[in-house]
Amino acid sequence: HIPREALEWIPLGTKRRGRPTQTWRRSVAAEIKAIGLTWPETKRRVQDRANWRRTVDALCPIAGT
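Note on numbering: residues in each chain are counted from 1, in written sequence order. In keeping with the predicted nature of the model, local features appear solely for residues at pLDDT of at least 70, side-chain atom pairs appear and are counted solely at 80 or more, and the whole-chain, interface and lining totals rest on all residues. Side-chain numbers come from the whole structure's heavy atoms, not from hydrogens or water.

## Description of the overall build of the chain
No. 1: A run of H or I in DSSP becomes a helix once it reaches four residues, and a run of E becomes a strand once it reaches two; helices and strands are each numbered from the N terminus. Across its full length, the chain carries 4 helices and 0 strands.
No. 2: Only C-alpha atoms enter the radius of gyration; for comparison, a globular chain is expected to reach 2.2 Å times N to the power 0.38, where N is the number of residues. Against the 2.2 N^0.38 benchmark of 11 Å for 65 residues, the chain shows a C-alpha radius of gyration of 14 Å, more extended than a compact globule.
No. 3: Along the three orthogonal principal directions, the C-alpha set of the chain runs to about 40 × 25 × 25 Å.
No. 4: Exposed residues in this analysis have more than 50% of their type's maximum accessible area, buried residues have under 20%, and partly exposed residues fall in between, with area computed by a 1.4 Å probe over protein chains only. Looking at the 65 residues of the chain, the share that counts as buried comes to 9%.
No. 5: Per-residue accessibility takes into account occlusion by the displayed protein chains alone, with areas from the Shrake-Rupley method and a 1.4 Å probe. Split by element, the accessible area of the chain, about 6,200 Å² in all, is 58% carbon and sulfur.
No. 6: Computing the positive centroid from 14 side-chain charges and the negative centroid from 6, the chain places the two 9 Å apart. Here the positive residues are Lys and Arg and the negative ones are Asp and Glu; neither His nor the chain ends is included. Taken as the charge centre is NZ of Lys, CZ of Arg, CG of Asp or CD of Glu, depending on the residue.

Have a look at this one:
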């Protein structure tokens, strides 16, 4: 389950000072928050393929993908 591990992975160690890097998970979390969902609710939606497709289409309304 590589995608699940990628979503829940937390890097070890410390990083340099300054602005935090924009990660894929943070950008997805911001988009999910913009449409009014929470992260745990989204994890439950992933289990239902049709419901997840509607959620993704709401986030990325590009025709034909």
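## So, the confidence of the model for the chain
For residues with low pLDDT, the predicted coordinates do not support detailed interpretation.
No. 1: With 91% of its residues at a pLDDT of at least 70, the chain reaches an overall mean of 77.
No. 2: Within the chain, no element has a lower average pLDDT than helix α1 (residues 2-8), which sits at 74, and none a higher one than helix α2 (residues 24-34), at 82. The predictor's confidence in any single residue is recorded as pLDDT, a number from 0 to 100.

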